[in-house]
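Breakdown of the fold
As a plain string of letters, each chain reads:
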Amino acid sequence: EVQLQASGGGLVQPGGSLRLSCAASGFTFDEYALGWFRQVPGKEREAVSCINHRADTTYYADSVKGRFTISRDNAKNTAYLQMYALKPEDTAVYYCAADTYGVRPKEEDYEYDYWGQGTQVTVSS
């Protein structure tokens, strides 16, 4: 079965770091684009960062540019989101998602076919 498992979230102080992981199974991982999205109560889900199937094209939301780095290891069927200099406004549930048509890293959430369960990131002093 298709599965995406997000992990690595937790409680960190402002300025701290976290690395989120997304372990995938049940589909041809290296043909899919991957996206990290986040959502807080009462707000729309937003794209944080996306990466195409060969990791030669990426997208970053303006709010995270210079602080977050997306990567993937196709041999391990795993995607990552390295987060530095975390701010309270980064607090959200972070979801990983996979898009069948992987050449372009799409930032529109409706383009994605598979979704993980999400992992909570809380940034607070």
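The structure reproduced in this document is the subject of the present report. (Residues numbered from 1 in each chain as written. Predicted model: local features only at pLDDT ≥ 70, side-chain atom pairs only at ≥ 80, totals over all residues. Heavy atoms only, no water.)

As for the overall build of the chain
In terms of regular secondary structure, the chain is built from zero helices and eleven strands. When the helices and strands of the chain are placed in sequence order, the string is β-β-β-β-β-β-β-β-β-β-β. Computed over its C-alpha atoms, the radius of gyration of the chain comes to 13 Å, within 12% of the 14 Å expected for a compact globule of 125 residues. Considering only C-alpha atoms, the chain reaches an extent of 40 × 30 × 25 Å along its principal axes. (Helix = DSSP H or I, 4+ residues; strand = E, 2+ residues; numbered from the N terminus. Rg over C-alpha atoms; globule rule 2.2 N^0.38 Å.)

Some thoughts on the nonpolar core
Counting 29 residues, the largest nonpolar core has W36, F68, L81, M83 and Y94 as the members making the most contacts within it. Every element with two or more residues in this core is listed here: β1 (3-7), β3 (18-25), β4 (33-39), β5 (46-51), β7 (68-73), β8 (78-83), β9 (92-99) and β11 (119-123). The next biggest cluster of nonpolar side chains, apart from the first, holds five residues, and it includes F37, A47, A97 and Y112. (Core = buried A, V, L, I, M, F, W, Y, C linked by side-chain atoms within 4.5 Å. Buried < 20%, exposed > 50% of the residue type's maximum accessible area, 1.4 Å probe, protein only.)

Quick word on the pairing of β5
Within β5, five of the six residues are buried, which leaves it mostly tucked inside the rest of the structure. Pairing analysis gives five bridges linking β4 to β5, with the strands arranged antiparallel. What sits directly across from F37, in β5, is A47. Count of turn residues in the β4/β5 antiparallel hairpin: six residues, of which G42 carries a positive phi of about 85°. Hairpin connection between β5 and strand β6 (residues 58-60): a loop of six residues separates the two successive antiparallel strands, and A55 in this loop has a positive phi of roughly 60°. (Pairing = 2+ DSSP bridges.)

Considering the environment of F68
By the element assignment, F68 lies in strand β7. A sequence separation of 17 residues divides F68 from A85, and the C-alpha atoms of the two residues are 8.6 Å apart. Residues within four places of F68 in sequence aside, it is in contact with R38, V48, Y60, L81, Q82, M83, Y84, L86, D90 and Y94. (Contact = heavy atoms within 4.5 Å.)

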